[in-house]
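Breakdown of the fold
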Amino acid sequence: MKFQKARPFIAIVFIQFLYALMSIVAKLALNQGMSPHVLVAYRMAVATALITPFALILERNTRPRLTFKILFQISIMSLFEPVVEQNLYYSGMKLTTATFTSALCNALPAITFIMACIFKLEKVIIKRRHSQAKLAGTMVAIGGAMLMTFVKGNVIELPWTSKSRSYNGQSHVMNTPKQEDTGKGSIMLVASCFTWSCYIILQANILNSYQAELSLTALMCCMGMLEATVMALILERNNMSAWKIHPDMRLLASIYGGLVSGLSYYITGWASKERGPVFVSAFNPLSMVIVAILSSFIFLEKMYIGRVVGSVVIVIGIYLVLWGKSKEKVGNLLPKAGCAGTVVKLEEQKVLTHDNNQVVHKSDKIMIPKAPTKSQESV
């Protein structure tokens, strides 16, 4: 029973480790001159090839009928993620650093919380302390993202980054991005967080009507591949050599990125169905810490006080949101309800029999009797 409760936590932590390593691999590929738009297209092609056979075999008897409405919703969802989100994400990463990208994307839970409130997937009652904590945490996380963007501060010297190693006269230190590039990259990264939040919200809704996680992931990867390819052909129409792949870090980024995409879409969809979209996005700080450690060794990337403080502020805001969610009455949620908007009073779940009044449970649906008629009241 304890393992069942811990499964969503274990799954999301595992995904954050995969994401962290993907940030490093992708940054190496982008530094070698790979187009971020081509990277997205190849990544989706690999993801489609990897996940589709599993979906066809494992869900051949349980897959619901695919309607035009569902297919249209999947195409819209895949346009948000991977197409728009990943193009903005990798374009922003190319202008900044891997650590900055991971840290700024920690604003995702706050943006997701706002989106969940708009679509009534999260319940906010201002008078209650847990709702106040969620609102305060959202504002703190946004403030931390702004602090990271506009405040740099002094360099924090680390033993292994204080002296740049160079071979053949060429330094292996990551080039410090210009301030204007950091500004442009920040805008792209915040926009990518917004589109990722839209994807999480849409995925939580679509899974209610198309309950086949593997098939949904395969369809989404396939649609994403088509849409990303069209976008890359348009944006790289004057540079067709960008599509060339050699056995180097660019090939590794495409293959590993496809593997991460297939696994992450399936696992985040399952975890969102189990615990809600805000829970899924709340573990991003773990990825930031891993990326910061790896980047300081691989890229000799320097740390700045302003960005470290901004990251800490974002993490504080995120865990205010998490604390607020933990104080919600878990017992008031139906099994696999996911979001706070599905709260049902426990009293309504009890089976009561009194004359003709009865509450019946069938397939997790609650049938609540109508109020007695006047004739029944007179009796």
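Scroll up to find the structure.
The model shown is predicted, which means the values in this text are computed figures rather than measured ones. (Residues numbered from 1 in each chain as written. Predicted model: local features only at pLDDT ≥ 70, side-chain atom pairs only at ≥ 80, totals over all residues. Heavy atoms only, no water.)

1. A closer look at the overall build of the chain
- For the chain, the helix and strand inventory stands at 13 helices and eight strands.
- For the chain, buried positions account for 46% of its 379 residues.
- The contacts in the chain between residues at least 6 apart in sequence include a share of 84% that link residues at least 24 apart.
- With the model as given, the accessible surface of the chain reaches about 19800 Å², and the carbon-plus-sulfur share is 65%. (Helix = DSSP H or I, 4+ residues; strand = E, 2+ residues; numbered from the N terminus. Buried < 20%, exposed > 50% of the residue type's maximum accessible area, 1.4 Å probe, protein only. Contact = heavy atoms within 4.5 Å. Areas by Shrake-Rupley, 256 points an atom, 1.4 Å probe, with all protein chains shown as cover.)

2. Quick notes on the environment of Ser197
- Here Ser197 shows up in helix α7 (residues 179–209).
- Among the residues examined, Ser197 registers a relative accessible area of 0% and is labelled buried.
- Taking C-alpha positions, Ser197 is 9.2 Å from Glu81, a pair spaced 116 residues apart along the chain.
- Residue contacts for Ser197: discarding those within four places in its chain leaves Leu108, Ile111, Thr112 and Met115.

3. Some words on empty space enclosed by the protein
- Throughout the structure, instances matching the rule amount to two cavities of 30 Å³ or more.
- Approximately 430 Å³ is the volume found for the largest cavity.
- Lining the largest cavity we find 26 residues, and of these Tyr19, Glu85, Tyr89, Trp196 and Asn284 sit closest to its centre.
- At the level of elements, α1 (2–31), α3 (68–95), α4 (98–104), α7, α9 (249–275), α10 (277–281) and α11 (284–298) are the ones that each hand at least two residues to the lining of the largest cavity. (1 Å grid on protein atoms, 1.4 Å probe; cavity = no way out; pocket = protein on both sides within 12 Å on 5 of 7 lines; lining within 4 Å. Points joined across faces, edges and corners; volume = space filled by probe spheres on them.)

4. Brief notes about the packing of aromatic side chains
- One pass over the full model with this rule turns up three aromatic pairs.
- Ring centres of Tyr42 and Trp243 lie 5.6 Å apart, and the angle between their planes is 90°; this geometry places the pair in the edge-to-face category. One end of the pair, Tyr42, is in helix α2 (residues 36–58); the other, Trp243, is in the loop between α8 (213–235) and α9, with 201 residues separating them in the sequence.
- On the basis of an interplanar angle of 45° and a centroid distance of 5.1 Å, the ring pair of Trp196 and Tyr199 is categorised as tilted. You can see Trp196 and its partner Tyr199 sitting in helix α7, three residues apart, about one turn around the helix. (Phe/Tyr/Trp six-rings, centres within 6.5 Å; stacked < 30°, edge-to-face > 60°.)

5. Topic: the environment of Gly143
- Note that Gly143 resides in helix α6 (residues 129–150).
- On the basis of relative accessible area, Gly143 is assigned to the partly exposed category, the value being 33%.

6. What to know about the side chain of Ser295
- Checked against the element boundaries, Ser295 lands in helix α11.
- For Ser295, the contacting residues outside a window of four places in its chain are Ile24, Ala98, Thr99, Leu300 and Glu301.

7. Some points on the side chain of Ser75
- Looking at where Ser75 falls in the secondary structure, it is placed in helix α3.
- Within the structure, Ser75 has its side chain in polar contact with the backbone oxygen of Phe72 (distance 2.5 Å).
- Aside from chain neighbours lying at most four places away, what touches Ser75 is Met223 and Glu227. (Polar contact = N/O pair within 3.5 Å; in protein donor to acceptor, adjacent residues only side chain to side chain.)

8. Observations regarding unusual backbone geometry
- In this structure, the amide linkage connecting Glu81 to the following residue, Pro82, adopts the cis form with an omega of 25°.
- By secondary structure assignment, the location of Pro82 is in helix α3.

9. Things to note about the packing of α3 against α8
- Following both chains from N to C, one finds α3 and α8 inclined at 55°, their axes separated by 8 Å at the closest point. With respect to α8, the element α3 is oriented oblique. For the crossing formed where α3 meets α8, the hand is right-handed. Contact residues: Ile74, Ser75, Met77, Ser78, Leu79, Glu81, Pro82, Val83 and Asn87 in α3; Leu216, Leu219, Met220, Met223, Gly224, Glu227, Ala228 and Met231 in α8.
- Looking at the contact of α3 with α8 residue by residue, the classes come out as eleven nonpolar, four polar and two charged. (Axes fitted to C-alpha atoms, helices over the stretch in contact; angles between N-to-C directions. Parallel < 35°, antiparallel > 145°, perpendicular 65-115°, else oblique. Left-handed = near helix turned anticlockwise from the far one by under 90°. Nonpolar A, V, L, I, M, F, W, Y, C, P; charged D, E, K, R; others polar.)

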